[in-house]
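# Geometric and topological summary
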Amino acid sequence: MKDKQLQRGIYELYANDPERADQLLWGRQVDPITRRGFLKKSSLLAMSAIVGAHIPFAENMPGGLIPMAIAGTADEPLTIPGKPGLVVLEDRPINAETPAHLLDDEITPANRLFVRNNGVPPTNVVPDEWTVAIGGESCEQSMTLSIADLKRDFKAYTYQLQLECGGNGRSAFNPPASGNQWTFGAVGCPQWTGVRLKDVLEKCGIKKDAVYIGYYGADTHLSGDPNKISISRGVPIAKALEDETLIAWAMNGENIPQLNGHPLRLVCGGWAGSTSGKWLKRIVIRNKVHDGEKMMGDSYRVPCEPVAPGSKVLDDKMCIIESMPVKSIITYPQTGISHSLGEKLVFRGHAWAGDLEVKELYVSNDFGATWVKAELKSPVNRFAWQHWTAAINFPMKGYYEIWARAVDSQGHSQPMVVPNWNPKGYLNNACHRIGVTVV
Ligand SMILES: Nc1nc2c(c(=O)[nH]1)N[C@H]1C(S)=C(S)[C@@H](COP(=O)(O)O)O[C@H]1N2
Ligand SMILES: [Mo]
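Everything in this summary refers to the structure shown in the same document. The structure displayed is predicted, hence computed values, not measured ones. Every chain's residues receive numbers from 1 upward, in the order its sequence appears when written. Here every chain gets a letter starting at A, and every ligand a number starting at 1, in the order they are written. At least 70 in pLDDT is required for a residue's local features to be given in this predicted model, at least 80 for side-chain atom pairs to be given and counted, and no such filter applies to totals for whole chains, interfaces and linings, which use all residues. Excluded from the side-chain calculation are hydrogens and water; included are all heavy atoms of the structure.

## Focus: the packing of aromatic side chains
- Two rings belonging to Phe, Tyr or Trp (six-membered ring only in the last case) form a pair when the distance between their centres is within 6.5 Å. Interplanar angles under 30 degrees mark stacking, angles over 60 mark edge-to-face geometry, and anything in between is tilted. For the coordinates displayed, the defined rule picks out seven aromatic pairs.
- Where Phe 367 meets Trp 403, the ring centres are 5.9 Å apart and the plane angle is 80°; that geometry is what we call edge-to-face. On the criterion of sequence distance, the pair formed by Phe 367 in the loop between strand E21 (358-364) and strand E22 (372-373) and Trp 403 in strand E25 (residues 398-408) is long-range, its members being 36 residues apart.
- Through pairs of rings, three or more aromatic residues link up here, namely Phe 57, Phe 394 and Tyr 400.
- Ring-over charges, as used throughout, are those where CZ of Arg or NZ of Lys falls within 6 Å of the ring centre and within 35 degrees of the ring normal. Positioned above the aromatic ring of Tyr 157, the side-chain terminus of Arg 196 is 3.7 Å from the ring centre.
- The ring of Trp 130 carries Lys 281 above its face, with NZ or CZ at 4.5 Å from the centroid. For the purposes of this entry, the term helix denotes a DSSP run of H or I that reaches at least four residues, the term strand denotes a run of E that reaches at least two, and both are numbered from the N terminus.

## Things to note about the site of ligand 1
- Only a single heavy atom is needed: when it lies within 4 Å of a molecule or strand, its residue is near that molecule or strand. In the vicinity of ligand 1 lie 19 residues, with Phe 114, Asn 118, Asp 219, Arg 265 and Lys 278 positioned nearest.
- N or O atoms closer than or at 3.5 Å make up a polar contact, with two conditions inside protein: a donor-capable atom paired with an acceptor-capable one, and, for residues adjacent in sequence, both atoms drawn from side chains. Side-chain polar atom of Asp 219 to a nitrogen atom of ligand 1: 2.6 Å apart, as the coordinates give it.
- Ser 276 places a polar main-chain atom, nitrogen or oxygen, 3.0 Å from a nitrogen atom of ligand 1.
- Where accessible areas are quoted, they stem from the Shrake-Rupley method and a 1.4 Å probe; at the residue level, only the protein chains shown are allowed to cover. Here ligand 1, which alone exposes 530 Å², has 100% of that area covered by the protein.
- Note on definitions: the grid is 1 Å and covers protein atoms alone; a cavity is a set of points where a 1.4 Å probe fits but cannot get out; a pocket is an open set with protein on both sides within 12 Å along at least five of seven lines; lining residues have an atom within 4 Å of a point. Any molecule with more than half of its atoms within 2 Å of a cavity's or pocket's grid points is regarded as sitting in that cavity or pocket. In this structure, ligand 1 is accommodated by the largest cavity.
- Under the convention adopted here, Pro, Cys and the residues Ala, Val, Leu, Ile, Met, Phe, Trp and Tyr are nonpolar, Asp, Glu, Lys and Arg are charged, and Gly plus all remaining residues are polar. Tallied by class, the residues present in the shell around ligand 1 amount to eight nonpolar, seven polar and four charged.

## A few points about the sheet that holds strand E1 (residues 87-91)
- By definition, two strands form a pair when at least two bridges between them are found by DSSP. One open sheet accounts for three strands, arranged E1-E2-E3; its pairing is antiparallel. On the outer flanks of this sheet lie E1 and strand E3 (115-116), each paired with one strand and no other.
- Summarising the sheet, E1 and strand E2 (residues 94-97) pair through four bridges and their orientation is antiparallel. From the neighbouring strand, Val 88 faces E2, where its bridge partner is Ala 96.

By themselves, these are just geometric observations and shouldn't be taken as functional.
What follows is the structure in structure tokens.
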């Protein structure tokens, strides 16, 4: 991609904004549908030159759309052990996302699961010595359990559960939101094994006034201050008591990777990933909404009612994120491929909808003017993502984009453009798209 002609073309196209050109060429830029770019319809010829092909449905392209073929192709030098191919967004704390084409597996393998850390993970973990304490003002009988206790005294369950960071898609908000600039890859759906949180809480006894649970992990604050906690979140008691909410010790039948919470973590499938506490040391049953670190202010909260982008939002007008919205990704083929005219191309990916199911998935090859229905599988269990495939024909040679759009069981569709702006850039479920050149 980064040959001389492309470079020249991009600098020409972005003559008004050389910084943007630099960013596209040398930095990471996977922006879905944004008006931040400087592309105009009048630049279509230049755009065709850059993607290296005629664009048959060019008249449908929204103004400002940056072709996927030139977005997000730059290489990232950093890698983290055990997670080859993940794109490192930050190295202290470690945050890394998975490019969409590496999320093609139906069950996300350990080396493909994103990492979202707020602090410094514990080292030298000895699983045999690990304990989790259950307490809090709405707990009848506090208890401390080893992993052996959990395995011996409770029934183990295995579910495939989707985990998506509340900030996945943050990079597309405008005005921009601070924090890791996740694009599409802060999501995965491994298979988790552990005990039901419900069974453990019920063994301790849940008082009538219980409304919430909160977690504490063994990771330490970035500052090194032992009195500071980087994150301590939780879920309402109803979510805590769902059959699929687990205290898990295994992922895909093996130890959970160190960066993903070894030796013990909570998994609250379908909810903002921040509710799934890693390196789990303590759970508190609360008689009020848990007030741990990152439960207040703009953290994991969005305006209760939509606001104009850039608005200042009063604290009492902010609501805690719960179930994640309907979303999908295209995991095959990888964006940028060439395909022969006359042959159908089979696309595939996953779709999920938090607590709900995905009912339909549509794909478009003409910038959203027309849509065809994909084949969509049922989830293997509640809160697991669903797989879809769609075979697409192309009418002539040229550059195309495939857009995927999921609709949940209540009829909510993914939006084409970035939805509800919020101060920290959460819950962007805009459609994923890839570029295909038909030759
Ligand atoms: N103890 C602890 N738990 C945590 C975090 C953390 O930093 N510390 N990050 C949370 C956030 S914001 C997310 S999105 C998920 C990410 O899980 P993963 O790193 O296994 O993908 O873990 C959550 N649990
Ligand atoms: Mo997150």
